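# Secondary and tertiary structure notes
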Amino acid sequence: MKIREFGELESAIMDALWKADRPLSVREIRETMTYRRNIAYTTVMTVANILVNKGILDREKVGRAWQYQPRESREEHTARIMSEVLHSGGDRGATMIRLIEQFSDEEMTRLHEALSEMRIRRGIAS
């Protein structure tokens, strides 16, 4: 089962905003987003406002236009969703093991590096 928080258009909007290095207007989101068909300006504006109401985006009025930006980075968002899924299931330890069993050798190396980094940050001896 694939977990998805966003619909297809929401994902396209979020991708455009996550790739940007600054807040974007609806016009800029529409121009930079990748979507399989042409979407009306008002549709992008409506969906962006829905994402604001969901607490996913912040917006600020700049001149006559609203500028939108994500409340969290793509990585922060993904980690939060993963944590919510982990905490919503049964045995968290068993779930983590099942997840790690699927890791490639490269992902296992990165996991070890991340755990070492977290031990250092928390002041825990290896």
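Residues numbered from 1 in each chain as written. Predicted model: local features only at pLDDT ≥ 70, side-chain atom pairs only at ≥ 80, totals over all residues. Heavy atoms only, no water.

### Details of the pairing of strand β3 (residues 65-70)
- As defined by bridge partners, strand β1 (residues 24-25) adjoins β3 across two bridges and the pair is classed as antiparallel. Bridged to L24 within β3 is Y68.
- Here six bridges tie strand β2 (residues 57-62) to β3, and the two strands are oriented antiparallel to one another. Along β3, the bridge assignment pairs E60 with Q67.
- The turn joining β2 and β3, which pair antiparallel and follow one another in sequence, is formed by two residues; a positive phi near 65 degrees is taken by G63. (Pairing = 2+ DSSP bridges. Helix = DSSP H or I, 4+ residues; strand = E, 2+ residues; numbered from the N terminus.)

### Concerning the environment of E28
- You can see E28 is positioned in helix α2 (residues 26-32).
- E28 sits in the buried class, given a relative accessible area of 14%.
- Apart from residues no more than four positions distant in its own chain, E28 is found in contact with R22, P23 and Q67. (Buried < 20%, exposed > 50% of the residue type's maximum accessible area, 1.4 Å probe, protein only. Contact = heavy atoms within 4.5 Å.)

### What about the sheet that holds β1?
- Pairing within the open sheet is antiparallel, and its three strands lie in the order β1-β3-β2. Two strands lie at the open edges of the sheet, namely β1 and β2, each paired on one side alone.
- Running at roughly 120 degrees to β2, helix α3 (residues 41-53) makes contact with β2 and β3 of the sheet. (Axes fitted to C-alpha atoms, helices over the stretch in contact; angles between N-to-C directions.)

### Things to note about a nonpolar patch on the surface
- Taken together, the side chains of M82, M96, L99 and I100 make up a nonpolar region of the molecular surface, amounting to roughly 340 Å² of accessible area.
- For the nonpolar patch, the element with the most residues is helix α5 (residues 92-101), which contributes three residues.
- With respect to the secondary-structure elements, L99 resides in helix α5. (Patch = residues over 30% accessible without salt bridge, like charges linked within 9 Å, V, L, I, M, F, W, Y side chains within 5 Å. Areas by Shrake-Rupley, 256 points an atom, 1.4 Å probe, with all protein chains shown as cover. Salt bridge = Lys/Arg side-chain N within 4 Å of Asp/Glu carboxyl O.)

### What to know about the pattern of salt bridges
- All chains considered together, the criterion is met by eleven salt bridges.
- Taken together, the salt bridges that share partners define one network made up of E72, R80 and E84.

### Some points on the packing of aromatic side chains
- Scanning all chains against the criterion turns up one aromatic pair.
- Stacked on the ring of W66, the Lys or Arg R59 has its end atom at 4.1 Å from the ring centre. (Phe/Tyr/Trp six-rings, centres within 6.5 Å; stacked < 30°, edge-to-face > 60°. Lys NZ or Arg CZ within 6 Å of the ring centre and 35° of its normal.)

### Let's talk about α3
- Its 13 residues place the ends of α3 18 Å apart at the C-alpha level, agreeing with the 18 Å of an ideal helix rising 1.5 Å per residue.
- Structurally, α3 contributes buried residues whose contacts are with α1 (8-19), α2, β2 and β3.
- The first or second residue beyond α3 is G55, which carries a positive phi of 85 degrees. (Expected span 1.5 Å × (residues − 1).)

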